[in-house]
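One letter stands for each residue in the lines below.
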Amino acid sequence: MLIFNIALLVIGFAALIKGADFFVDGSSALAKIFKVSGVIIGLTVVSMGTSLPELAVSTSAALQGSNEIAISNVVGSNIFNLLVVLGLCAAIHRIPVDRVIIKRDFPLSIFIEVLLFVVAGLPEIVSGKLFSLSMADNAGKVYRALSLSFLVIFVSYIVYLIVDAKKHPTQEEDIKTLPLWKCALLIVIGVALIIAGGQAVVKSAVFIAQTFGMTETLIGLTVVALGTSLPELVTSIVAARKGEVEMAVGNVVGSNIFNVLFILGVSSSIHPVAVNVASIYDMMILIAVSVMTWIFAIKSKSIGRLSGLTMLACYIGATIFAIVR
C-alpha cells in the first residue's frame, strides 16, 4: 500500500507539471486575444484554476464535518503561496510586482485576512481566554453571515477586474498567437491535469502522513495545504520560466484572495466552520507574512533573491512551530 501511494505521488507531480504548462500557454494566448494583461489573467483565470484543488478539499471537508481541514487548508495554502511559491520564484529570479497589485490586491488580501481573524479569534484574545486554551480547543467559528459577506466581496472584486480590464486593454507582443478554441482546450486540459494531480498528491501524502500519527489540523496546514498549493507553485515557476513573471505574482495574490473569499465562503456557507486555537495562531502568522511580503514589494517594486530566501526561511520556521506546538 505504501509503494502504491508513493507511485501515486510521483504520477500526481507529473500531472501537475504538465497541466501547469498547458494552462499557462492557454491563459497567455487568451490574454493576447482579448487584449488583457497577464496580471489580470493571473488574478482571475490562472488563480481560480490553480485554486480548484483547495475548493474541492475544503468543500468536501465541510460536507464531512472535518472543520479543521477546511480552515487549515485555506490558511496553510495562503502561507505556502506567499512564502514558498513567491519565495522560491524570487530566489531563482527577481520578480517585478505590478504597482496595481501593490496598491489594490495586496491590501485587499490583507484586509480579508484581518477580517477573518477579527471575527473568528479576536473575541477570545480580548477576553484573555485564548492563551489558557490548548491548541485543539475551539476558539471561534466562521458563520454564514461572514461567508456570505466574503462571497459578495468576491463577486464585486471579479466584476471590477473585468470592467477595469476592458477600460485598459493591452497587447502582449511576445506571446504566441493561438486560435480561441485551442486556448480553451489547453486551459481545460490544464485544469483537469492540475485537479487530478493535486488530488493524487493530497490523497497519497495524507495516507503517508497518517501512518506517522499526524493530527487533522497539522495535516491540513502542512501536507494538504502543500499538496493543494502545488498547482500555484508549479504554475508560477512555469510562468516565470516562460517570461510571464507578472502572471506568477498575480497568480499567488489572486489565489490567496480566491481562497479566503470564495473557498472559505462556499465551505462555511455549506456548514459553519469551527476554528480551533491552532488555526488562530496560523491566521496571525498569515497576516504577518502577508504584510512582510507587501513591504518587500513596496520597497523596490519587486521581490528580490534575498527577500525570497528570507521568505523560505520563514516558512521553515512556521512549519517547525506547527509541528512542535
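Fair warning: this is a prediction, and the values are worked out from it, not measured in the lab.

## A look at the overall build of the chain
Phase 1 of the analysis: Secondary structure assignment for the chain yields 12 helices and four strands.
Phase 2 of the analysis: Here the chain holds 325 residues, and the buried ones make up 55% of them.
Phase 3 of the analysis: At a minimum sequence separation of 6, the contacts of the chain that also span at least 24 residues come to 87%.
Phase 4 of the analysis: Surface summary for the chain: the accessible area is close to 13700 Å², and the carbon and sulfur share equals 71%.

## Some words on the pattern of salt bridges
Phase 1 of the analysis: On inspection of all chains with the given rule, the structure shows one salt bridge.
Phase 2 of the analysis: Ionic pairing is found between Asp-105 and Arg-104, a salt bridge with its closest N-O pair at 3.0 Å. Both residues of the pair, Asp-105 and Arg-104, count as buried.

## Remarks on helix H7 (residues 144-167)
Phase 1 of the analysis: Compared with the 34 Å implied by 1.5 Å per residue over 24 residues, the 35 Å span of H7 between its first and last C-alpha is a close match.
Phase 2 of the analysis: Looking only at H7, the buried set comprises Leu-146, Ser-147, Phe-150, Phe-154, Tyr-157, Ile-158, Leu-161, Asp-164 and Ala-165.

## A closer look at the side chain of Ser-290
Phase 1 of the analysis: Among the structural elements, Ser-290 can be located in helix H11 (residues 277-300).
Phase 2 of the analysis: Given the relative accessible area of 2%, Ser-290 is considered buried.
Phase 3 of the analysis: Reaching out from Ser-290, the side chain makes a polar contact with the side chain of Glu-113 at a distance of 2.8 Å.
Phase 4 of the analysis: Excluding residues within four positions of it along the chain, Ser-290 makes contact with Leu-82, Ile-110 and Glu-113.

What counts, and where the lines are drawn
- Note on numbering: residues in each chain are counted from 1, in written sequence order.
- Local features are withheld for residues below a pLDDT of 70 in this predicted model, meaning they are given only at 70 or higher, and side-chain atom pairs are given and counted only at 80 or more; totals for whole chains, interfaces and linings count all residues.
- Here the side-chain values reflect all heavy atoms present in the structure, with hydrogen atoms and water set aside.
- The secondary structure listing takes helices from DSSP runs of H or I that are at least 4 residues long and strands from runs of E that are at least 2 residues long, numbered from the N terminus.
- Summary of the burial criterion: residues with accessible area below 20% of their type's maximum are buried, those above 50% are exposed, and those between are partly exposed, where the area comes from a 1.4 Å probe applied to protein chains only.
- Contacts are assigned to residue pairs with any non-hydrogen atoms lying within 4.5 Å of each other.
- Computed by Shrake-Rupley with a 1.4 Å probe, the accessible areas treat only the displayed protein chains as cover when residues are assessed.
- A pair is scored as a salt bridge if a Lys or Arg side-chain nitrogen falls within 4 Å of a carboxyl oxygen belonging to Asp or Glu.
- To estimate the expected span of a helix, subtract one from its residue number and multiply by 1.5 Å.
- We define a polar contact as two N or O atoms separated by no more than 3.5 Å, with the added condition that, inside protein, one atom must be a possible hydrogen donor and the other a possible acceptor, whereas residues neighbouring each other in sequence contribute only through side-chain atom pairs.

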